[in-house]
Every structure is written in structure tokens, then in C-alpha cells.
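A closer look at the structure
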Amino acid sequence: MTTTSISRRSAVKSGVAATLAAARALSPALFVGCSLGIPPRARKVTVGMLHSQTGPLAISATSLRDIELFSFEKINAAGGLLGCQIDALAPDPRSRTDLFEKRSRQVLDAGAVAVFGCWTSLSRKAVLPLFEERDNLLFYSVQYEGNESSKNVVYGGLVPNQQVLPTIDWLTGAGGGMKKKIFLLGSDYVFPRTANFIAKKYLALKGLKPAGEAYYPLGHADFGPAVKTILASGADCVLNTVNGDSNLGLFAALHAAKIDPAKVPVVSTSIAEDELRSLLPEQVTGHYAASCYYQSLPSENNRRWVADFRNEFGSDRVTGDPMEPDYCLVQLWKQAVERAGSFETEAVRQAFRDGLTFDGPGGQVRLDPKTQHTTKYFRLGKIRADRQFDIVHESESPIDPDPYPQIAFPGWSCDWTKNGVTRGAEVDINGNV
Amino acid sequence: MNMDFSWLYEIPTRNLALLSIAVFVGFYWLGAIFLRPILRQFVKHTAGSNDIVGYVLSCFCVFYGLLLGLIAVTAYQNVADAGSNVTREAAALSALYEDVSRYPDPYGQNLRWLLRDYTRYVIKYAWPLQQKGIVPEEGTIRAEAFHDRLLDFQPTTPAEEILHAEAMRQLNHFLECRRMRLFSVRSALPASMWYVMILGAVLNLAICWLFDMRFLTQLVLGGILAAYLGTMIFLIVDMNQPFRGDVSVSSEAFETLYRRMNED
């Protein structure tokens, strides 16, 4: 038998040929796009969320985090924004004003192109200098006192001319029972004090004076003495600007004092469906809240939005103000970024100038380029036993924002399409112009 | 110090297996072509050289096989332990959810929401981070939020006191399991083990180059050995980090729990 020996040279040749053939055959699987089949990394853009997830404000602020995550997840699922996936960074300011600035710095250092957050005006004012120094954008969705305008903030919540003043109109009108003695009760910080300052000016225009005025620290729980003061003042209604967990103590004290909502209704500016879940229905039913949105709004757009949110977060979750304004702000930011084709602050701000609108669950909102505030419907809701609201009054059309109502801040105005803020006489919110 | 093999986990598993085999076989074949003639010089004139090389190789393979086997078992054990931790964490979370469901509202409702929020975060945000070898931090905030809210509750009846004590016990167990999960995210074989393993594989193949046999036979037999070594190394790489690769812990336990929470 003859054996054919294979020479080293021919074996090497065959080996090389076989290797090349194998490499060619395997390469589509192994080296897809020269990447070993590694899927291309999605480009990312960081967005900050500054919401207290622990502490007394967590009860309200956590839902804003959820609605923002919900919005970002939807944007990401639809392919992202300008081809980038949104990476949300949400450190916890723990309801402490001193931590807001620190956490803002943290998210801005991480490269956040926009930040959604803050709850109290104290927290917003604490971070504002940092946003102005770094020229970043803060999207603030909570109702606030006005008397402020920064080109680095987009304000999505109600200002007093969209909330406090229409509330007074309603209370002193036929709908509210022609009330004459309004007691102004608030937490002791800038929003309640400024809102009530504006309220007093407005009441004076109507020839009225408040029945009384009282402030308590944030987190205050014992409102027994406050209720005694209200009763002693002979007030026929209360305009309540108490914020956070303090409302638990307030309504418990009102209930204990057997205050009848039909005779002395309390109209709250900072209570929505989310806060109602911590309040006992028997203590709050029949009282009112002033807002721009309620979950019970009958529109199809709202029903769909609520169903989507509940489908994602649980069927017993609720939506309310400021969740809806917050959702609208995310959508307005998205529109602005798409219009600008960039995440850069100045480009996005320029896109605001074009006038952006969004059909939100609570109706159409328009971002006013002059003030960087949004137009809002005013709605007054009566609290039901099922922790929802019956809408008893609604403005005919969205109300334009006026951060500087002339009755309280004469000479002040704002137009970011021109000169920015025009300053009037210095105003002391304790009443001295 | 752990070696950073992060990029390996981005390769789809099938491709990673093929790549590992191709690297080992390619290395062996290239060595057979370029290094074998040099190495062969050491045993060329030794009578019965194949017997000697075979004896050395079998001794070496015993030690190396033991090493690979033990490492593979250790890596698998790491994955299994991490899996057990995850199951225990989900079970503790489920028990806690049941406990707080008995709390009076509004505490009960708030606590349930917070636990659902935590579970959702673990599935949607923590798991993808863990799969990249990153320890997810924001879950701590959610766990703290729940802890704070639970501590707010003041029992008013003996039944509530018992329930609250049990919930606190479950909470501590849950936090312990959670911490264990976070610790295991970065657990991996130490760098020294990888050095010994790779050196062993190279020496194993180098000994094979010393055999005196037909070149084609050398390529085929050595190639088979190299392919299997490549497969073993792939397996260990895949199991190296408990939350990465195909052989890893899944979020199934949390997903099942979240579905059940949402059905309630």
C-alpha cells in the first residue's frame, strides 16, 4: 500500500486556506459590523429629577418623579429624543432645602441637559442661582406665588392670577356663597406669604379685608390653636396655603372642632388627589381645592392618560395637579428640543420663542414665550368621599400667566422675548409698597 | 482586584462561545506553525519523546483539569448564591407586602405603593444596571422611603403592635437580602485566578506542540483540545459575574411578584 505523505508546506497551505474559508463563513456571525455582534450602544442624554423621595414632602413629590419616569420611558420606547435615550438621574433631596442645591450640583455635574423638579418655592429659590450661573434649564411644575421670572426656569404650575385670584372671585361670588370673611392660613414660607399678600390686595380691591391670617412652620402638626383662632375670627371660609404633611394635622383639627364644610369651607391650594390618599375622607369631604387639573376630568384624552399611568404603576394610583402640569412640561421640553435639534440651553430657549402648545390631559397648554410660564385652566374641585373631586367651577378658557399681578407688584413685568424683567418699585410682601 | 472583562459581556453569548473557541484553536494552530519547530528542538533527539511528553501532559492535565473544574464550580456557586439571595429578597418583599396590606389606610395604601415602586425600580432600572456590572444606587432611596413611612405608623391596638413588629422583622430581612444582592453585583473571580487559568491553558497547548506526529494530526488533535479549553474558559467567563452573561440570575422573581402586586 502506498501512503501519500503530506508535506508541511502543503499542510500549511491547506490549513491557511481552510482557516480563511472558515473565517469567511463565520465572520457574518462573529464580526457583524466589525463589532463581534455587540449591539450598537444607544446614545444617552442625562436628565435630572429633583424630587424629595423621603421626608415630609415625599408624599407629594414622589408622584412627580413617577410621572417623569413614565414620560421618559415612553419617549425612549419611541426611539428616544434626537436619537438619544433619556437617562434619568434622581437623587433624593430628602425634603431638606439645604440639600436641593447640593443635589442640583450633582445632577448638573453629571451632565444633565435639563432638570425637572423642586416642590416648595424655598427649594426652587435655593437652586436658582446655580442654574443661572451654569445657564441650565429647570422645569418647575408646582403652583407658586409668582413675583419671579428667570430665563433659566420654565414654570408649569399655576401662579396667583390663575389660582388664588379666581378662587377669591368664586368664594365672593354666587357660586361660593358670597363669602365676606376669608381667613388666610398658610405654612410659613415664601409661597403662602406672597400668595396671601396678593390675596389681601385683591380683597382690598373688592372692599374686603381678611378675617385673619396665620402661618405655621412646614411640618407643623398641631393645628388646634389655629382652628380656635379661625373660629374666633368669625371667618366664613378659609383660604388654605398649608403645604405637605401639615394638612393631616390641619384637617384633623378642623374635623375635631366640628367645622361644617357647608358653612365654613376650606379651599386648599396645595391639595390634590395624591395628598388626599393620606387624609381621612371623613375629615376632608365637602371642602374644596383650587387647581388646574383633576383626575375626574371627563375628557377622553384624560381618561386615556390616567389609564396608561395606572396600567404602568398600579390600578390604585391617582393623577392630579401638579402631575399633569409636570407631564405637560416634559412634553413641551421634548417639543422644544426637537424643534431646536439640540439639547443646548440657548437653542432650547430659542425654541420656546416660537410658542409651543401641547394638548395635555387637562386641556391645551401654551408656553408663553414672554414669561416662560404656561396658560392654565382654573378649576375648583369639591372633595368627595372616594378621595376624588367633583369639578364645581371651571374657567371658560385657559388663563394667561401673570407672574407680577399689578395689584401687588406695580411696575413689574417680564418679557423674555425682549428685555427680560422690568423692575418696578421694591415690594415688601408684608404689605409696604 | 478584578480583571475588567466588561466588553466580553456585550458580545452575544453564541458569538462569545465561537470567539473563545476560535481564539484558542487559532492560537494553537499559529503556534503549531511558528513555535512548534522551535519547541521541537528540545525533545528532537530524545528517545521515546512522545511518551515523556504524554506523561508530562497527563500530569499537567490532572492539575489543570482540577483547577478548571474547581473554578467552574466556584463561579457556578456564585451565580447560584446570588440567585438564592434574589429569591429570598423577592420572598421577603412579598411577605412585607402582605403584612402592610393589613395596615389601616392611609398607611397601608402608601406602604403598598412604596413597595410596588421599589419592585418596579428593581425590574426596570436596577436589573439593566446590574447586567452591566453597575451597583444600582437609587433603590436605596426607595427602600429608605418605605422604611421612613413604616416607622411613621404608630400601632394603637395589640393586633397592630404584633403586625407592626412582624413587618419590622420582615423589613430587616428584606434589607439584608437586598444588601447581599448589591454585594454580589461586582463579585467575580480574582485576577490572580485568571492569570493562572490562562497560563495553564497556554502551557497545556505548548506541551501538545512537543508531540512528534504528522502535522495534520497535530492540527486536528491539538485543535480539538484547544476548542474544548476555549469552551471551558467561555463557560467560566459567562458565569464569572452573577448578573452578567447567559448563565446569570434573572429578575423573574421580582417580575412575578410585581405582576401579583398589580393584580391585587
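Rules of the game
Residues numbered from 1 in each chain as written. Chains lettered and ligands numbered in written order. Predicted model: local features only at pLDDT ≥ 70, side-chain atom pairs only at ≥ 80, totals over all residues. Helix = DSSP H or I, 4+ residues; strand = E, 2+ residues; numbered from the N terminus. Rg over C-alpha atoms; globule rule 2.2 N^0.38 Å. Buried ≥ 20, exposed ≤ 12 C-beta atoms within 10 Å, placed from the backbone. Contact = placed C-beta atoms within 7 Å. pLDDT = per-residue confidence, 0-100. Core = buried A, V, L, I, M, F, W, Y, C linked by C-beta atoms within 7 Å. Pairing = 2+ DSSP bridges. Axes fitted to C-alpha atoms, helices over the stretch in contact; angles between N-to-C directions. Right-handed = clockwise from strand over helix to strand, strands pointing away. Expected span 1.5 Å × (residues − 1). Bend = angle between axes of the 7 residues up to and from the residue. Parallel < 35°, antiparallel > 145°, perpendicular 65-115°, else oblique. Nonpolar A, V, L, I, M, F, W, Y, C, P; charged D, E, K, R; others polar.

What follows deals with the overall build of chain A. Tallying secondary structure elements over chain A gives 13 helices and 17 strands in all. Whereas a compact globule of 433 residues would reach a radius of gyration of roughly 22 Å, chain A reaches 28 Å, over 25% beyond that. In terms of its C-alpha atoms, chain A occupies a principal-axis envelope of roughly 125 × 50 × 40 Å. Per-residue burial over chain A gives 48% buried out of 433 residues.

With that settled, the discussion passes to the overall build of chain B. A tally of helices and strands in chain B yields nine helices and zero strands. For chain B, whose C-alpha radius of gyration is 27 Å, the value lies well above the compact-globule estimate of 18 Å for 264 residues. C-alpha extents for chain B along the principal axes are approximately 95 × 30 × 30 Å. For chain B, the residues scored as buried account for 35% of the 264 residues in total. Excluding contacts between residues fewer than 6 apart, the proportion of contacts in chain B whose partners are at least 24 apart in sequence is 80%.

Caution applies to low-pLDDT parts of the model: their predicted coordinates are not meant to be read in detail. Residues with a pLDDT of 70 or more make up 98% of chain B, whose mean pLDDT is 91. Model confidence for chain B, summarised as mean pLDDT per element, is weakest for helix α2 (residues 36–40) of chain B at 87 and strongest for helix α6 (residues 158–185) of chain B at 95.

All names here are of chain A. Among the structural elements, Trp 305 can be located in helix α11 (residues 300–313). On the basis of neighbour count, Trp 305 is assigned to the buried category, with 22 C-beta atoms found within 10 Å. When the C-alpha atoms of Trp 305 and Glu 324 are compared, they prove to be 9.5 Å apart, with 19 residues separating the residues in sequence.

Looking now at the nonpolar core. Core analysis: the largest hydrophobic core is formed by 172 residues, its most contacted members being A:Ala114, A:Phe139, A:Ile182, A:Ala199, A:Val238, B:Leu96 and B:Leu115. Top element by residues in this core is helix α3 (residues 49–101) of chain B. It accounts for 13 residues. Not counting the four nearest positions on each side in its chain, A:Ala114 is found in contact with A:Val47, A:Leu137, A:Phe139 and A:Trp333.

On to the sheet that holds strand β15 (residues 389–394) of chain A. All names here are of chain A. On the basis of which strands lie adjacent, the open sheet formed by seven strands has the order β7-β6-β8-β9-β10-β14-β15 and mixed pairing. Taken across any chain shown, the strands that pair with only one partner, and hence form the sheet edges, are β7 (212–216) and β15. Across this sheet, the average inter-strand angle for adjacent strands is 25°, counted without regard to direction. Both strand β6 (residues 182–187) and β7 contribute to a ladder of five bridges, which runs parallel.

Right, let's get into the pairing of strand β8 (residues 237–241) of chain A. Residue and element names in this part refer to chain A. With five of five residues buried, β8 lies mostly within the body of the structure. Alternating positions in β8 separate into two faces, Cys 237, Leu 239 and Thr 241 on one and Val 238 and Asn 240 on the other, with burial throughout. Pairing analysis gives five bridges linking β6 to β8, with the strands arranged parallel. Residue pairing in the sheet places Leu 185 in a bridge with Asn 240 of β8. Across three bridges, the pairing between β8 and strand β9 (residues 266–268) is parallel. For Leu 239, the partnering residue across the bridge sits in β9 and is Val 267. Taken together, β8, helix α8 (residues 246–256) and β9 constitute a β-α-β crossover, and its handedness is right-handed.

Now for helix α4 (residues 121–134) of chain A. Residue and element names in this part refer to chain A. For α4, built from 14 residues, the straight-helix expectation of 20 Å at 1.5 Å per residue is met to within 8% by its first-to-last C-alpha distance of 20 Å. At Val 127, α4 shows its largest bend, some 35°, and a proline, Pro 129, comes one to four positions later. Considered for burial, the residues of α4 that qualify are Ser 121, Ser 123, Arg 124, Ala 126, Val 127, Leu 128 and Phe 131. Of the surrounding secondary structure, the elements contacted by the buried residues of α4 are α3 (97–109), β4 (138–140), β5 (153–155) and α6 (190–205). Once α4 finishes, Asp 135 follows within two positions and takes phi at roughly 50°, a positive value.

Moving on to unusual backbone geometry. Cis rather than trans, the peptide bond between A:Asp321 and A:Pro322 has omega equal to 15°. Its location among the elements puts A:Pro322 in the loop between α11 and α12 (323–340). A cis amide bond links B:Asp105 with the next residue in sequence, B:Pro106, at an omega value of 10°. Relative to the elements of secondary structure, B:Pro106 occurs in the loop between α3 and α4 (107–130). The phi angle at A:Asn147 is positive, at roughly 55°, despite the residue not being glycine. Locating A:Asn147 in the fold gives a position in the loop between β4 and β5. The backbone of A:Met178 shows a phi angle near 50°, a positive value even though the residue is not glycine. With respect to the helices and strands, A:Met178 occurs in the loop between α5 (164–172) and β6. Residue classification places A:Met178 among the exposed positions, given that 10 C-beta atoms sit within 10 Å.

All names here are of chain A. Side chains of strand β10 (residues 288–291) alternate between two faces, with Tyr 288 and Ala 290 and Ala 289 and Ser 291 buried alike. Where β9 lies against β10, two bridges are found, and the strand directions are parallel. Residue Val 267 lies in a different strand from β10, and its bridge partner there is Tyr 288. Both β10 and strand β14 (residues 379–383) contribute to a ladder of four bridges, which runs antiparallel. Among the inter-strand pairings, Ser 291 is bridged to a residue of β14, identified as Arg 379.

As a further point, take the packing of helix α7 (residues 191–209) of chain B against helix α8 (residues 215–240) of chain B. Two packed helices can be described by the angle between their axes and the distance between those axes. Residue and element names in this part refer to chain B. Where α7 contacts α8, the axes come no closer than 10 Å and their chain directions differ by 175°. Comparing their axes, α8 and α7 come out roughly antiparallel. In this structure, α7 contributes Ala 201, Asn 204, Leu 205 and Cys 208 to the contact, and α8 contributes Gly 222, Leu 225, Ala 226, Leu 229 and Ile 233. Of the residues contributing to the contact of α7 with α8, the split by class is seven nonpolar, two polar and no charged.

Since the α-helix turns once every 3.6 residues, residues separated by three or four places project in the same direction. Here helix α1 (residues 13–34) of chain B contains 22 residues, and its C-alpha end-to-end distance of 31 Å stays within 8% of the 32 Å for a straight helix at 1.5 Å per residue. The complete set of buried residues in α1(B) reads B:Leu16, B:Leu19, B:Ser20, B:Phe24, B:Val25, B:Tyr28, B:Trp29 and B:Ala32.

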